[in-house]
Amino acid sequence: MYDERRSQPVQATLASAPSAPGVGERVGPADIQPASNESLYRTITGIVTVAPFVGLGLAAWQLWDGLLHPSDLIVFAIMYLLTGLAITVGFHRLFTHRSFKTYPAVRGILAVLGSVAIEGPVISWVADHRKHHAFSDRHGDPHSPHVDAADGLRGVLRGLGHAHVGWLFIHTQRGSHERYAADLIADPVVSFVSRTFLVWAIGGLALCFGLGYAIGGTVDAGLTGLLWGGAIRMLVVHHVTYSINSLCHFFGRKPFDTGDESRNLAWLALPTFGEAWHNNHHAFPTSAAHGFGWRQPDVSGLVIRAMAAVGLAWDVVYVPAERMRAKLQVQTSA
Ligand SMILES: [Zn+2]
Ligand SMILES: [Zn+2]
């Protein structure tokens, strides 16, 4: 099932690591990133997970009082687009899967804006996600809803909960940075942004206040800009991203034979900017497009096409139709 990927750039990346795992290999200690201060990480993860819900309460109160500023929705939309696309186009398709090449400055901008999404430093994000692909839905996958899942409804819910957010509190199956992201550690721009993650995370929240103030013209608009562009946007971007790990390995169609439980979930395609065509993605991980054809909307794929058209992206990876046909399941429904 991994033959497709072996000839692709990401496999070259893994293969270039000194002891990259082979296809079908079992997870070993060298695959796992040790947690230096697990209780601190858990506390920070707890705050980042709970704080947006507190923001949601504040926003509900603000809506109840009829105090929503038009600037709030503009700040939300700007921040959702910037951080969401930086995760999908930057963290995922560029840094994890090398679907295209671009200038160091563009790599830096995508790494910074992706950090503003507050889903962790870029090198950790990439290492975990590459390990997910290497052990997809097998022991060693950091966030499979199926591994060690018990039977029955309780088991299903626990599996989905683990894949959605529970795994963020566990450090026993995180991807080793040296093994899974050696190329990014060696990249001076990306490793600098990864090391200074906290600066970008806090700077991004300051940007939300600044945007609200600039558009609304008052300190009040700045504060509610922080609420909508910061807390509410984090809530939506986080849970939309997390849904790829949970829902898209559980519900939806499996047109391609990938050997795992990845699925295409059409209704989630627009809010995820195309990432919900997740069975397509597991079938062809390095493809810059995740939606195949006009019936599968893929905003991130369009952004990469637009970047290529203006010279900001090159060596864009696309999958020939005959390779797609060869990988289709005999039965095309889940
Ligand atoms: Zn997946
Ligand atoms: Zn991926």
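Along each chain, residues carry numbers from 1 onward, in the same order as the chain's sequence is written. In the order they appear in the text, chains get letters beginning with A and ligands get numbers beginning with 1. Residues qualify for local features only when their pLDDT is at least 70, as the model is predicted, and side-chain atom pairs are given and counted only at 80 or more; totals for whole chains, interfaces and linings, by contrast, use all residues.

Undergrad: Help me understand the overall build of the chain in this model?
TA: Summing up its helical and strand segments, the chain has 15 helices and zero strands in all. Note that the radius of gyration is over C-alpha atoms, with the globule rule given as 2.2 Å times the number of residues to the power 0.38. Relative to the compact-globule value of 20 Å for 334 residues, the chain shows a C-alpha radius of gyration of 20 Å, a close match. Over its C-alpha atoms, taken along the principal directions, the chain stretches across nearly 55 × 50 × 40 Å. We call two residues in contact if the C-beta atoms placed from their backbones are at most 7 Å apart. In the chain, once contacts between residues fewer than 6 apart in sequence are set aside, the share between residues at least 24 apart is 68%. What counts as a helix is a DSSP run of H or I of at least four residues, what counts as a strand is a run of E of at least two, and both are numbered from the N terminus.

Undergrad: Help me out: how do you make sense of the nonpolar core in this one?
TA: Across soluble globular proteins, nonpolar side chains show a tendency to be buried alongside one another. If you look at the biggest cluster of nonpolar residues, it comprises 52 residues, and the most contacted ones within it are Ala86, Phe91, Phe95, Val122, Val126, Leu184 and Cys208. Broken down by secondary-structure element, the contributors of at least two residues to this core are α4 (70-96), α5 (104-116), α6 (122-134), α10 (188-195), α11 (197-216), α12 (219-246) and α14 (299-309). The dominant element in this core, judged by the number of residues it contributes, is α4, at 11 residues. When sequence neighbours within four positions are dropped, the list of residues in contact with phenylalanine 91 reads Ala86, Thr96, Gly114, Val122, Trp125 and Val126. Take the buried Ala, Val, Leu, Ile, Met, Phe, Trp, Tyr and Cys residues, join any whose C-beta atoms are within 7 Å, and the set you get is a nonpolar core. Any residue with 12 or fewer other C-beta atoms within 10 Å of its own C-beta is exposed, any with 20 or more is buried, and the rest are partly exposed; the C-beta atoms used are placed from the backbone. Ranked by size, the runner-up nonpolar core spans 13 residues in total, among them Ile244, Leu265, Leu268 and Trp277.

Undergrad: Please clarify how the confidence of the model for the chain should be interpreted in this entry.
TA: Residue-level confidence of the predictor is what pLDDT reports, using numbers from 0 through 100. Chain-level statistics for the chain give a pLDDT mean of 88 and a share of 92% at 70 or above. Of the regions scoring below 50 in pLDDT, residues 1-20 engages in 32 contacts with residues more than four places distant in sequence or in other chains.

Undergrad: I keep staring at the environment of valine 122 and nothing clicks. Help me out?
TA: Among the secondary structure elements, valine 122 is positioned in helix α6. By C-beta crowding, valine 122 is classed as buried, having 30 other C-beta atoms within 10 Å. The spatial distance from the C-alpha of valine 122 to the C-alpha of isoleucine 87 is 9.2 Å, given a sequence separation of 35 residues. Residues within four places of valine 122 in sequence aside, it is in contact with Phe91, Phe95, Ala111, Gly114, Ser115, Leu184, Val190, Val193 and Ser194.

Undergrad: Got a minute to help me understand α12 in this structure?
TA: For an α-helix, 3.6 residues make a turn, and residues three or four places apart therefore share a direction. Taking 1.5 Å of rise per residue, 28 residues should cover 40 Å, and α12 covers 39 Å from first to last C-alpha, within 8% of that figure. Within α12, 20 of the 28 residues are buried, which leaves it mostly tucked inside the rest of the structure. One less than the number of residues in a helix, times 1.5 Å, gives the span that helix is expected to have.

Undergrad: Teacher, can you tell me more about the environment of proline 145 here?
TA: As for its position among the elements, proline 145 is in the loop between α6 and α7 (152-164). For proline 145, a count of 26 C-beta atoms within 10 Å corresponds to the buried category. The residues contacting proline 145, other than those within four sequence positions of it, are Gly159, Leu160, His162, Ala163, Ser246, His249 and Phe250.

Undergrad: Is there a simple way to explain the environment of alanine 288 in this structure?
TA: Structurally, the position occupied by alanine 288 is in the loop between α13 (278-283) and α14. When the C-alpha atoms of alanine 288 and serine 300 are compared, they prove to be 8.4 Å apart, with 12 residues separating the residues in sequence.

Undergrad: Looking at this structure, I do not really get α5. What am I missing?
TA: Between its terminal C-alpha atoms α5 stretches 18 Å, which fits the 18 Å expected from 13 residues at 1.5 Å a residue. Listed as buried for α5 are Arg107, Leu110, Ala111, Val112, Leu113, Gly114, Ser115 and Val116. Check the buried side of α5 and you find it contacts α4, α6, α10 and α11. Isoleucine 118, located one to two residues past α5, shows a positive phi value of around 55 degrees.

Undergrad: So what exactly am I meant to see when it comes to unusual backbone geometry here?
TA: Unusually for a residue other than glycine, aspartate 137 sits at a positive phi of about 60 degrees. Overall, aspartate 137 belongs to the buried group, with 20 C-beta atoms counted inside 10 Å. With phi around 50 degrees, aspartate 315 is a residue other than glycine that occupies positive phi space. Structurally, aspartate 315 is set in the loop between α14 and α15 (321-327). A tally of 12 C-beta atoms within 10 Å means that aspartate 315 is categorised as exposed.

Undergrad: Is there a simple way to explain the packing of α11 against α12 in this structure?
TA: Lines fitted to the C-alpha atoms define the axes, with helices restricted to the stretch that makes contact. Angles between their N-to-C directions range from 0 to 180 degrees. It is the contact of α11 with α12, at a shortest axis distance of 7 Å, that shows an interaxial angle of 135 degrees. In terms of orientation, α11 lies oblique with respect to α12. The crossing of α11 and α12 is right-handed. Contact residues: Leu205, Cys208, Phe209, Leu211, Gly212, Tyr213, Ile215 and Gly216 in α11; Val219, Ala221, Gly222, Leu223, Thr224, Gly225, Leu226, Gly229 and Gly230 in α12. Amino acid classes used here: Ala, Val, Leu, Ile, Met, Phe, Trp, Tyr, Cys and Pro are nonpolar; Asp, Glu, Lys and Arg are charged; the rest, including Gly, are polar. Its residues assigned to classes, the contact of α11 with α12 shows 10 nonpolar, seven polar and no charged. Convention used here: angles under 35 degrees read as roughly parallel, angles over 145 as roughly antiparallel, angles from 65 to 115 as roughly perpendicular, and any remaining angle as oblique. Note on convention: near helix rotated counterclockwise from far helix by under a right angle means a left-handed crossing. Clockwise means right-handed.

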